[in-house]
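Understanding the architecture of this molecule
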2 protein chains.
Amino acid sequence: MPLKKDVVRSHRDEIAGVVASNEMIARQAVKLIEIVYEIMPAVFTVADAMAENAPLIHPKNESNHLITNTYSHGDLEQGEAESDVVVEVSCKLPYVNHASMETCVIVAQFDHHENLTLWSTTQIPFLLQKDLGQALGMSPKDIRIIQPTIGGAFGRELDIYPYHPIAAVMAKKAQTAVRLCFSREEEFRAGPQRQPVEVSIRAGAKNNGDLTFRDVSMTLDVGAYVSWGSTTPMVMMETTASFYRVPHVRFKADCVYTNNLITGAMRGYGNPQSSFFVESAMDMLAEKLGMDPIQFRIHNSNQPNTTTEQGLKITSCGLEDCLKALAQRAEKKLEQPEKTHLKRGRGVGGTLNVGGGARIYRSDGCGATVKVDDFGHVSLITGSTEIGQGSETVLAQMVAEILGVEVGDVRVINSDTDVKMWDVGVHASRTTFIAGNAACLAAKEALSQIFETASEMLGPPPDLLKAENGQIIAPDGNSVSLSKVVRSRHFRSDGKMVHGQAFYDPPTELVDKESYHGNISPAYGFGMQMADVEVDTETGQVKVLKLVCAKDIGLAINPMAVEGQIEGGAQMGLGYALSEEVVVKEGKVMNPNFVDYRLFTSADMPEIENILIESNDPEGPFGAKGVGEMGSSCVAAAVTNAIYDAVGVRLTQAPMTPERVLAALDALEKATD
Amino acid sequence: MPLKKDVVRSHRDEIAGVVASNEMIARQAVKLIEIVYEIMPAVFTVADAMAENAPLIHPKNESNHLITNTYSHGDLEQGEAESDVVVEVSCKLPYVNHASMETCVIVAQFDHHENLTLWSTTQIPFLLQKDLGQALGMSPKDIRIIQPTIGGAFGRELDIYPYHPIAAVMAKKAQTAVRLCFSREEEFRAGPQRQPVEVSIRAGAKNNGDLTFRDVSMTLDVGAYVSWGSTTPMVMMETTASFYRVPHVRFKADCVYTNNLITGAMRGYGNPQSSFFVESAMDMLAEKLGMDPIQFRIHNSNQPNTTTEQGLKITSCGLEDCLKALAQRAEKKLEQPEKTHLKRGRGVGGTLNVGGGARIYRSDGCGATVKVDDFGHVSLITGSTEIGQGSETVLAQMVAEILGVEVGDVRVINSDTDVKMWDVGVHASRTTFIAGNAACLAAKEALSQIFETASEMLGPPPDLLKAENGQIIAPDGNSVSLSKVVRSRHFRSDGKMVHGQAFYDPPTELVDKESYHGNISPAYGFGMQMADVEVDTETGQVKVLKLVCAKDIGLAINPMAVEGQIEGGAQMGLGYALSEEVVVKEGKVMNPNFVDYRLFTSADMPEIENILIESNDPEGPFGAKGVGEMGSSCVAAAVTNAIYDAVGVRLTQAPMTPERVLAALDALEKATD
C-alpha cells in the first residue's frame, strides 16, 4: 500500500498525505495529524532478521529471507584442487545515496476525462505508465508521463515508489495539479539507497598465473520492501562468473528483509561492490604468486569474440588494451615523500559492465523517428530518456553525422510518452547504444528518402550519393543542398516529407531464471583504473594523488562527454571508497544532509588521466558502447589495493575512512609485534 | 520595418518597444518616450487615395493603387444581348473584427545557442517559422514555434505581423523570455480586420430562368500595409464566376492603399461579401422574372461532377439538395403579426466555399504519424493546428474509427513545429479534409502493421481481418485484443512498434497568376440559409426569427461539432448582417471594445435549424468536406433578401442597422409618394 494502513515497517513509511496551496500550510496541517504508534519488535541487521523467531517484516511470508540467487559453472572442488594458491577475504560495503542535484519531484494532474498526466523525474516513463496503472487500478493507456529536464537520477528513479500513486491519488482528491517534491532529508530517508552487502570471496590460481576458481557468498539487506535492490546480485554474479577467465565458479547471494531503508538501483548496479571484492582477491592472488598485479590480470584477461561460461557473448573487448595502457603508465614509479609518516602506494581495479543495455524486460528496445523540415532542420523523436548524461548531444551527433548536417541542426525530442515511441528506460549504460542504433536506423531511412529525390535532381543512383556539410554530393562533385532536396520532395504534385522511423531491439536474451545463463547485453564494456594514493599513517587520512582511467568504450562519439562520464563516475567512486556512507542506526538515517554525508567535491578531486580505448564494437552505433556506469565501479577497488601497496594493510570495509585505516594500521602493528 | 523609423502610416503603427518585468512598469516607461510627430497629409478613403496628386502612402510606389485582379470567361456582350432581364446593385460592406475570445499573444525566448522559440497563437506555424526567419535575418531552421491552446483566431493569425519580430527582438535584447499580449483595444486598432469593399454587380437572365452574365467591379481599402486583405478578391471572384451556372462573367477588383487599418484574412475570406452582392442580384433577377427565388436558384444550381468555366472541379455537390430542403421548409408560410408596424419576410442566401483547403502555397499538404502503445493507447501527431474549431476531436474520431478503438483512446499532438510534420496552416476549411486524409493514411499504415501481426496470431490473411471495439476479428469470429497484438509485435525477437506515417497533399493546382483559372481545392462545399425576419417599421429594428441552415458538408464526422460550426458561423454572420462594424474616422477606430462594437450574444440569437446534406465527397476522408467557414458566409445575404421580402426595401449596406433600415424606408416612402 502506498499509504500504510495498519503497520509501518520502516522509518520512511508513508502513512498520510496532506495537500495544501503552499508548503507552510501543508506543514501545519501535518502537525494536526495525531498518530498513536504501538511499538513492535523490529530487526535492523541481517543476522537478527534471520534469527530463529525473528519478528516477520511481512507476516504473510514464512521468514524474512526474500530470495537466494545461486549460480555456478565448472566444478568448484576441481578448481580448488588445481589451485597452487588460494586467498579468502570478507568485505563489508555500505549504504550510499545517489545524491542527485535534483531530488525526486512529481506533479500529477487529472483532466476532465479522468486521464492522468504525470510530470516526473522518472527514468522509466513507459514502465512507470504500466506500473502506475496497476497501482491505481486504471488502464495505463489513460496515463501520460512527461519528463521535464531532469537534474540527475543515477538509478534512483528506476522503479515506481509510493510517492507516485500518492501524488496521483492526492491530485484526484484535490481535483487539481499536485506537486510532491522530496527535501534533501527525505531523499536520504525515504528514497532508495544502494544496498549494503556483506560478502566473502575465496579464489585460487595456479603458479603459472591461471585463475582456477571463485567462490562467493553474500547477504544483502534489502530493507522493508523489495525494489531493484534485491536484483543487484545478478550483476555481482556476472562479475564473479565472467570478469577475467575463471573455469570454476560458485556464487550465492541471500537477500533479506529488515526494518531498514529501502534499497534500489544505483549507477553500476552491483559493480562497485563486485569490483571491490573480486579485485581485492585478484591483488591478493598476484601477491601470493609473486606476479605483477597488472601482468597477472593481462594473463587472465577476457578476449574479443569469446563466450563466457555464463553465456555472455563478448564481441569487442579492450580489456587487455586497458591493462597494457596502465602497465605503460606504471613504468614511471611512484616517488615516496620525504615525510616518513606519508606512504604512497599504487593499485588497480577493473570492471566488466554491460555496454549496450541489459535485457531485464521483455523488450530492451527503443523507437525513433527522424523528420527533416524544409530548411534542413532535423527533429529526432527518441524513446530514450535524458537525465543529464548527455544522450541528447550524442544522439544528435549520430543523426547529424548520417544526414551530413551540423549537430546544432538536430533537435532531440524525448520527454513525453504520448509523443515518443517506447523505450525501457535509462539504465545499464544503454542509451548511446540502443537509442543510438534506433536513431541511426531512422536517420538512414530519412537519408534514403533524401537520396531518392536527390538522385532525380543530380542524376546518379542513390547509392552513389553522399551527404556532407548540408549538401548531397554526386560522384562527379555536383551537389545540391539538403534543404533544397527536401523542398523539392515536398513542393511537387503528390509531395512527401522526409520522415524516417525505426525501432531497435538488440539481439540479446532474457537470462534463464534458474541457471542465470544468457547473453543479457549486445556488448560489454571494460574499464581499469589505477589509483596512486598517499596514506597519512598518523591520521589515517587517504589522499588520492592521481587516477588513471583506461576505458574500452567502443568508440567515443563525443570524447568530452565520455571523459565527463568517467570523471563524474570517479567522483562517485572516490566517495564510495573514502567518504560516503549513509549511517543507519536502528533503521534511522543519522546523516541525511550534505554536511554529514560527505561527497567528494571538486576541491577534493585528484588529477585524472583518461585513456579511451576504442575497440570498435560490431553492433554499436559507429562502434560505440555505453560508458555511463563504468567510471564509478572500480575506483574503490583500485584505492583499497593502493592502500595495501602503500602501508600493507588490506581495508575490507568501505568507505575507508581515517578511523578504519588507523584501526587497520593498529591491528597490523599489533599482529607484527 | 516592424518598428517604423521615419514615417508612420496609420494610427496602429509600432514605433518603439518597452520590456519590463510587469505591465505597470512598462506603461510608465512608455510614458517617458517623447515623440515629436510632423503631421503629413493622409488619405482615408479609396477615392482620396486614388485622386490625382494624392499623397503616396509608400513613396517608392507610383500610386496608392496596389493591384487590380481581373477575371473573365465567356463574352459579356453576348451575355447582355441574350438577357431578358438585367439587374444592377451597388453594395457597401464594412470593416469587421474577428473578435476572438483570446487576443493575440506571443512569448519569445532565445536559448544559449541563439535558437528562438516562439509560443504563439498563430494559425500558420510553419509559414511563420519561414517568414519570421526572413524578418529576423536568421535561418528558419533555428526557429521553433509552439502553439498552446488557442482561444479562437478566425483568420486573424494567418500572416506574420510586426509584433512577431518585435517580440523576438525584445527577447534577444532583454536576454529573457518576452511576452507580448494585445489588449482588446489593440486587437481592434492594431490587428488585421476584414477589409471594407464597395462593389457593383450587373447580372442578367433569360425568361426561362437561365443566368446569362455577371459583371462585377469593386474597390477594396487594404489599409497602409499589405497582408491577406489584398487577396480576398480571389474568393469573391470565385463566387462571381462559379456559384450557380453563369456562361459570361467579368470581374475586376482594385485594391488600394490608404492610411486606414490593416486588413487580413477572416473566416469566409471574401465569401460573406460576395454572397451578399451575388445573392442580392439573384433575388432581384428572380423578382424581375416572376420566379420563386428558391426555384430560380435550383434552376441554375451547380451540379456534381462538373467543371466550372474557371476550372473548379466540382465533384460532390449538394447545392440542389440544400435548396430543395429550404423549399420544403418554405412551404410553411410566414404568419404576419397582428401589430401592423411589424412586418415579416423570408429570404435565402447561399455560398460556394472551398471544402478541402485552397492551394495558396506550393504545398497544401499535411503530415501525420500514428503510434499505438502496448496498452492500445493511440497518439496522432498531426501537422494541423487547433484554434478551437474542434479538429482534435474529429481527427481522433477518424483514427479511432480506422483502428477500431474508442475516441478517448486517441491523443492528438499538434502544437510544436519540432514535433509535428509540415502543414500549411488552419484556413480554408481544410483541417478535417486535409489533416483528416493524412491521419487516415497514417492510421491505415498502422492498421496494416497490426493486421500483419494479428494474421500470425489468428490465422486468416490480413485483408480478411477487421478492427472493432479494441479487437482484431477474424471472419470465423475469433479475435484478439488490439493491445495484445501490439505487445505480441513488440515483445519478440527483433520486435517492432506499431507506427504509421503519411503525408497527404491534395490533387489540386495553384491557380494561374494571370487568368485565375485552376482547381484550387479538392472539394467544394455548398450552403444555403433561409432567414425569417421581422422588421419594426417604426424603429428600423430587424429581428431574425429563425435561420434554417442547409449545408452540404460531405459527411458529418461529428454532427454536433458540425452544427457548432454552423451556429457559430451564424452568430458571426448575423453580426455582419445587423450589428458589427468597426467604425473608422480618419484612420482611427471609434469603437475598439465590446460595448460599442456589437457582437450577437446568445440572448440575441434566433432559433436555428440545421439541415446536414451528406453528398459523400469521393476524395474526402469518410466522404467529409470542410464546414468551418460556410456558416458565416450567407447570413447577411439571406437577411437582406428577407428584409426586402418584409418591407420592400433593398438594403445594400451592412450592417443593416435600425438607422439604415429607417433611412431606406423613408427613401421608399418618398419615392412612392
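1. What to know about the domain arrangement of chain A
All names here are of chain A. Domain annotation of chain A identifies domain 1 (104–181), domain 2 (197–354 + 511–672) and domain 3 (366–504). Once you take the C-alpha centre of each, domain 1 and domain 3 turn out to be 31 Å apart. Contact with domain 1, which involves 17 residues of that partner, is made by 18 residues of domain 3. Together, the buried faces of domain 1 and domain 3 total about 1300 Å²; carbon and sulfur atoms form 55% of this surface. If you sort the residues of domain 1 by the area they bury against domain 3, Phe126, Arg144 and Gln147 come out on top, with a joint share of 45%. There are 2 salt bridges connecting domain 1 and domain 3. For Arg144, the salt bridge is made with Asp416, and the minimal N-O distance between the two is 2.7 Å. Summed over the shared surface of domain 1 and domain 3, the result is 7 residue pairs in polar contact (both at pLDDT 80 or more). Of all elements in the fold, only helix H4 (125–136) and strand E5 (143–146) reach the threshold of two or more residues within the side of domain 1 that touches domain 3. In terms of residue count, the dominant contributor to the side of domain 1 that touches domain 3 is E5 (4 residues).

2. Thoughts on the interface of chain A and chain B
Taken together, the 41 residues of chain A in the interface contact 41 residues of chain B. Approximately 3800 Å² of surface area, both sides summed, lies buried where chain A meets chain B, with 53% of it carried by carbon and sulfur atoms. Among the residues chain A hides against chain B, the three largest losses belong to A:Lys141, A:Phe375 and A:Asp418. Together they make up 18% of the total. Where chain A meets chain B, there are 4 salt bridges. There are 24 residue pairs in polar contact (both at pLDDT 80 or more) connecting chain A and chain B. Looking at the side of chain A that touches chain B, the elements with two or more residues in it are H4, strand E13 (366–372), strand E14 (378–382), strand E15 (410–413), helix H12 (431–458) and strand E19 (498–504) of chain A. For the side of chain A that touches chain B, the leading source of residues is E19(A), giving 4 residues. Each residue belonging to the side of chain A that touches chain B can be placed in one class, and the counts come to 12 nonpolar, 13 polar and 16 charged.

3. Looking at the relation of the copies chain A and chain B
The two copies are related by a screw operation: chain A maps onto chain B through 180° of rotation and 0.0 Å of translation along the axis, at an RMSD of 0.0 Å. Such a combination of turn and shift is consistent with a two-fold rotation axis. A shared binding surface is used by both copies, with 100% of the interface residues of chain A retained as interface residues in chain B.

4. Considerations on the sheet that holds strand E8 (residues 211–223) of chain A
Residue and element names in this part refer to chain A. On the basis of which strands lie adjacent, the open sheet formed by 5 strands has the order E1-E9-E8-E7-E2 and mixed pairing. Pairing within the sheet leaves two strands with one partner each, and these edge strands are strand E1 (65–73) and strand E2 (85–93). Adjacent strand axes in the sheet meet at a mean angle of 5° when their direction is disregarded. Where E1 lies against strand E9 (residues 248–257), 8 bridges are found, and the strand directions are antiparallel. Paired with Tyr71 across the strands is Phe251, a residue of E9. In the packing of helix H7 (residues 233–242) onto the sheet, the strands contacted are E1, strand E7 (197–205), E8 and E9, and the crossing angle to E9 comes to about 165°. Together, E2, E7 and E8 form the strand contacts of helix H8 (residues 271–289), whose direction differs from that of E2 by roughly 150°.

Cut-offs applied
- Residues numbered from 1 in each chain as written.
- Chains lettered and ligands numbered in written order.
- Predicted model: local features only at pLDDT ≥ 70, side-chain atom pairs only at ≥ 80, totals over all residues.
- Heavy atoms only, no water.
- Domains from an automatic or database assignment.
- Contact = heavy atoms within 4.5 Å.
- Buried area = accessible area lost by both parts, 1.4 Å probe.
- Salt bridge = Lys/Arg side-chain N within 4 Å of Asp/Glu carboxyl O.
- Polar contact = N/O pair within 3.5 Å; in protein donor to acceptor, adjacent residues only side chain to side chain.
- Helix = DSSP H or I, 4+ residues; strand = E, 2+ residues; numbered from the N terminus.
- Nonpolar A, V, L, I, M, F, W, Y, C, P; charged D, E, K, R; others polar.
- Least-squares fit on C-alpha atoms with pLDDT ≥ 70 in both.
- Pairing = 2+ DSSP bridges.
- Axes fitted to C-alpha atoms, helices over the stretch in contact; angles between N-to-C directions.

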